[in-house]
Amino acid sequence: MSPIITIGGIPFYIAYLPISLFIAIACVFGFRIFPALLLGILISYINELHLNAIQTVGLSLSVTVPLLVSLFILKKRLGNRYRANITNRKGVLDRLLCLGLLYPILMQISLYFWGMFTKINDDFQYYFSIKEITLLLLNLQSLTLPAVVFTAFFYHILRTVVSFNYARKFYINHISTFFQNQNRRQATIWLISLAILIAASTSQSVAMSGYGIPAIFLIFVYGFISLDPTVITCLWSIVVYLFIQHNSGFIKQLEQDQLFICFSALFIVFTIANIWLSSMKIRLNKAIIRLSAMARRDPLTHLPNLQALAYDIKHTHAEPCLCYIRLFAIDKIEKHLGFTFKSTIKIALYSQLKRLLGPEAKIYAAPNRDVLILLPEENIRARLQRLIADLNLVKLTSQDEKVDIHYGISWKKMSPGDDVYQTICGLEYLATIKRRNHVSALHEHDKLVEKYTMLDIIKLNGIKQAILGGGIIIYAQKIDSIDGSHCYYEVLYRLSCEGKVMAPHEFLPLIAEFDLCSLLDFRILDCFLEQYCQHVLSHTDSVRYSINIMPETLGDEKTADKIIATFQKFGVSSRNFIFEVTEEQLFFNKHVALANIKRLRNAGFTIAIDDFGKGYANYERLKMLDADVIKIDGMFVKDITHNHLDAVIVKSIIDIARAKNMKVVAEFVETKKHALLLKNLGVDYLQGYYIGKPEPLKFSFG
């Protein structure tokens, strides 16, 4: 069965195939198979080679002992899973070195060693002697070629024979993947092209054979990259065997030792390269699967997100009901107990929903605060009403804190072609307006939801026109030093839209929802700098201004460069300007946000952390953060005159800020009493209605 070539009147194996079979057997059954393997090899050699007992034992030991040593080294390198899926990407280099290269080398050495002490028949003498370097290379490559090229093929054949479970998995994971819908046409064309090239390469025409081999190499490279690498590896073994066994015309041209050595080495090197390429392809596929799975999870709660919902709806055969659970009072929980507390509450709710609805329910994190569920349609309204009643009996707990949450539910039966995101918008609106303890079907309120959607679109268009058409009104609020010796101003804004002045809370939710944050931030910056250049004659003016950046803007890696370019365009120095960022911006897209902050600081801008204390792991973040100013959130200031705990928290923030040489601003300073207490605590600046209300921007602030 092993193909043979005659060089200089001496027959040589092109590839001694039993080697690959022995490796495959050892990898499938492990060390326990070696006694049986040695016995089988002894019987086989006695029947086929007609050697004497010493020669037969020597040859058998020369085959099995090096394999045992190589497998032992491989186990030391890879651990107990050293023989688990020989084509696995993990340990592919170790397997190639130990089984594909070390084993043939050790076997050849043991053959020569045995030949030194035993008289060998002339017919086999050249296998056991080292008279010529050419014979050494020919013998070594006749062992290396099968070890590298054919082992994977025999391994998969053996495992499918001895294990039905493996055969089933091999079919599902590889054969069916090879011919799956998106690959079927590609795989069919590839197989037809391969068959044509094999026919050409195995013909008696030397020219056809010569040109067919490079073409086969190219088509296999394409196969390893584009199709299932495990199937391609097995097909490569078959093609190589067909070529070296049945291409007598071309093989005859290689009956010169140097040519044959080059030819054999070419197949070995190409196989090694493609095995490595296959391992990279498998690694890439697994990375893509892992990233896809991560993309379908909410980064905070790790619950399935909207992308997972859209995927599940697309791949379900039934028509499930999409249910939106609105959590009332969750915003107050975030405000008073923190952002992370809200996240743990959502995780606790997820566990309760799983318990109440059973395994058939699929639960997802909705934007901001709410939860989405996919349920079968059967008796849906009664089931959701029971769910609300059950949830009202449950006290959700996080960090030993129990909270009361009320719920409203809206639902819709999903049909093919329904827009998932548009449906979610309608369900959210319906669950919100129907308020708590209410179950509402979207199809019963179509006109109401359609009207709401149209109003949002009209409102959005008006907001965009105001942003782009000069409808931004710049305001400023004074921030005074504790001793009143100097001050600076925070730049605020309103929108003039269709004759109405809109406060930020009226338009920012739509701005964020439709990804217009960066547009708004840079339009505000342009408007402010235009007025600044018109009224401030000297850029050495000592008045400083603080400008806010929204989280989505700071999460764009180009933001810092665009800000610097904008200041350069207007010819304005950076030294009198502060950029305020929130903790939320440092929590999401952390690396990009921190890179932007570093770039702005290096350009001469001051960085302030706004709303400090609003729901994150603040002290840890403050310890790690490089900023210049910290603004204590008003939730700690407004009740500080009669809440001792607020005073303790503010004092601790001030102490940490002092250690980092940061200035401290207190927001929400409403009274003189606030100002005096904060002065005694060590605050540097005060901001609030006691200091000054926001006013339309003018550059004559005193």
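Residues numbered from 1 in each chain as written. Predicted model: local features only at pLDDT ≥ 70, side-chain atom pairs only at ≥ 80, totals over all residues. Heavy atoms only, no water.

Run through the sheet that holds strand S9 (residues 439–441), naming residues and quoting values.
Sheet strands line up and pair through hydrogen bonds in the backbone, either parallel or antiparallel. The strand order S4-S5-S3-S8-S9 describes an open sheet built from five strands, whose pairing is mixed. Only two strands of the sheet have a single partner each, and these edge strands are strand S4 (362–365) and S9. The average angle at which neighbouring strand axes cross in this sheet is 20°, direction not considered. Alignment of strand S3 (residues 321–328) against strand S8 (residues 406–413), held across eight bridges, turns out to be antiparallel. Of the residues in S8, the one forming a bridge with Tyr324 is Ser410. Against the sheet, helix H18 (residues 420–433) touches S3, strand S5 (371–375), S8 and S9, its axis set at about 45° to S3. (Pairing = 2+ DSSP bridges. Helix = DSSP H or I, 4+ residues; strand = E, 2+ residues; numbered from the N terminus. Axes fitted to C-alpha atoms, helices over the stretch in contact; angles between N-to-C directions. Contact = heavy atoms within 4.5 Å.)

Run through a nonpolar patch on the surface, naming residues and quoting values.
On the surface, a nonpolar cluster with roughly 430 Å² of combined accessible area is contributed by Val57, Leu61, Val65, Val69, Phe72 and Ile73. Take Phe72: it is sitting in helix H3 (residues 53–78). (Patch = residues over 30% accessible without salt bridge, like charges linked within 9 Å, V, L, I, M, F, W, Y side chains within 5 Å. Areas by Shrake-Rupley, 256 points an atom, 1.4 Å probe, with all protein chains shown as cover. Salt bridge = Lys/Arg side-chain N within 4 Å of Asp/Glu carboxyl O.)

So what about the packing of helix H2 (residues 34–49) against H3? Which residues, and what values?
Running from amino to carboxyl end, H2 crosses H3 at an angle of 150°, the nearest separation of the two axes being 9 Å. In terms of crossing hand, the pair formed by H2 and H3 is right-handed. Contacts between H2 and H3 pair Phe34, Leu37, Leu38, Ile41, Leu42, Tyr45, Ile46 and Leu49 from the former with Thr56, Val57, Leu59, Ser60, Leu61, Val63, Thr64, Leu67, Leu68 and Leu71 from the latter. Of the residues that constitute the contact of H2 with H3, the class distribution is 15 nonpolar, three polar and no charged. (Left-handed = near helix turned anticlockwise from the far one by under 90°. Nonpolar A, V, L, I, M, F, W, Y, C, P; charged D, E, K, R; others polar.)

Tell me about the pattern of salt bridges, and name the residues and values.
Applying the stated criterion across every chain, the model contains 15 salt bridges. Of the charged contacts, one joins Asp561 and Arg599 as a salt bridge, the two residues approaching to 2.8 Å between their closest N and O atoms. You can see Asp561 sitting in helix H23 (residues 559–570) and its partner Arg599 sitting in helix H25 (residues 590–602), a full 38 residues away along the chain. For Asp561, a relative accessible area of 42% puts it in the partly exposed group. One salt bridge in this structure joins Lys631 and Glu667, with 3.6 Å as the shortest N-O distance. Residue Lys631 is located in strand S16 (residues 629–632), and its partner Glu667 is located in the loop between strand S17 (663–666) and helix H28 (672–681); the two are separated by 36 residues in the primary sequence. The exposure class of Lys631 is buried, given its relative accessible area of 0%. For Glu667, a relative accessible area of 12% puts it in the buried group. Connected through shared salt-bridge partners, Glu490, Glu580, Lys631 and Glu667 make up one network. (Buried < 20%, exposed > 50% of the residue type's maximum accessible area, 1.4 Å probe, protein only.)

Hey, could you go over H28 for me, with residue numbers and the actual values?
Within H28 the residues assigned to the buried category are His674, Ala675, Leu678 and Leu681. One face of H28 carries all of its buried residues, which in axial projection span an arc of 125°. Counted as exposed and oriented over 90 degrees from the buried face of H28: Lys672, Lys673 and Asn680. Directly beyond the C-terminal end of H28, a positive phi value near 110° is found at Gly682. (Arc of directions from axis to C-beta.)

Tell me about the packing of aromatic side chains, and please be specific about residues and values.
The relation between two aromatic rings is expressed through the spacing of the ring centres and the mutual angle of the planes. With the rule as written, the count across this model stands at 24 aromatic pairs. Among the aromatic residues, ring-to-ring pairing joins Tyr489, Phe528, Tyr532, Tyr545, Phe567, Phe577, Phe579 and Phe605 into one connected group. The lysine or arginine in question, Arg296, covers the ring of Tyr311, its NZ or CZ lying 3.9 Å from the ring centre. If you follow Arg494 out to its NZ or CZ, it ends over the ring of Tyr475, 4.8 Å from the centre. (Phe/Tyr/Trp six-rings, centres within 6.5 Å; stacked < 30°, edge-to-face > 60°. Lys NZ or Arg CZ within 6 Å of the ring centre and 35° of its normal.)

Go over the pairing of strand S13 (residues 544–548), please, and point to the residues and values.
One ladder, built from four bridges, connects strand S11 (residues 487–497) with S13; its direction is parallel. Paired with Val491 across the two strands is Ile547, which belongs to S13. Bridging between S13 and strand S14 (residues 577–582) involves four bridges; their strand directions are parallel. Bridge pairing links Ile547 to Phe579 in S14.

Outline the nonpolar core, supporting the account with residue identities and numerical values.
Side chains of nonpolar character tend, in soluble globular proteins, to be buried together. Of all hydrophobic cores here, the largest spans 74 residues; its most connected members are Phe528, Phe577 and Leu678. Top contributing element to this core by residue count: helix H21 (residues 517–535), with nine residues. The next biggest cluster of nonpolar side chains, apart from the first, holds 66 residues, and it includes Ile33, Leu59, Cys98 and Phe178. (Core = buried A, V, L, I, M, F, W, Y, C linked by side-chain atoms within 4.5 Å.)

Tell me about the side chain of Gln687, and name the residues and values.
For Gln687, the position within the fold is in strand S18 (residues 685–687). With a relative accessible area of 4%, Gln687 lands in the buried category. Only 2.6 Å separates the side chain of Gln687 from the side chain of Glu490, close enough to count as a polar contact. Not counting the four nearest positions on each side in its chain, Gln687 is found in contact with Gln477, Lys478, Ile479, Glu490, Lys631, Val665, Ala666, Glu667, Phe668 and Val669. (Polar contact = N/O pair within 3.5 Å; in protein donor to acceptor, adjacent residues only side chain to side chain.)

Please give an account of the environment of Gly470 that cites residues and values.
Mapping Gly470 onto the fold places it in the loop between helix H19 (446–468) and strand S10 (472–481). By relative accessible area, Gly470 is classed as exposed at 56%. Linking Gly470 and Ser496, residues 26 residues apart in sequence, is a C-alpha distance of 8.6 Å.

How would you sum up the environment of Ala366? Please name residues and give values.
Tracing the chain through its elements places Ala366 in the loop between S4 and S5. Separated by 57 residues in sequence, Ala366 and Leu309 place their C-alpha atoms 9.7 Å apart. In this view, Ala366 contacts Leu306, Tyr324, Lys346, Val371 and Leu372; residues no more than four positions away in its chain are not counted.

Tell me about the pairing of S17, and name the residues and values.
On a regular strand, each side chain points to the face opposite its neighbour's, so the side chains alternate between the two faces of the sheet. Pairing between S16 and S17: four bridges, direction parallel. By the bridge assignment, Ile632 is partnered in S17 with Ala666. The handedness of the S16 to S17 crossover, carried by helix H27 (residues 644–659), is right-handed. With two bridges connecting them, S17 and S18 associate as parallel partners. (Right-handed = clockwise from strand over helix to strand, strands pointing away.)

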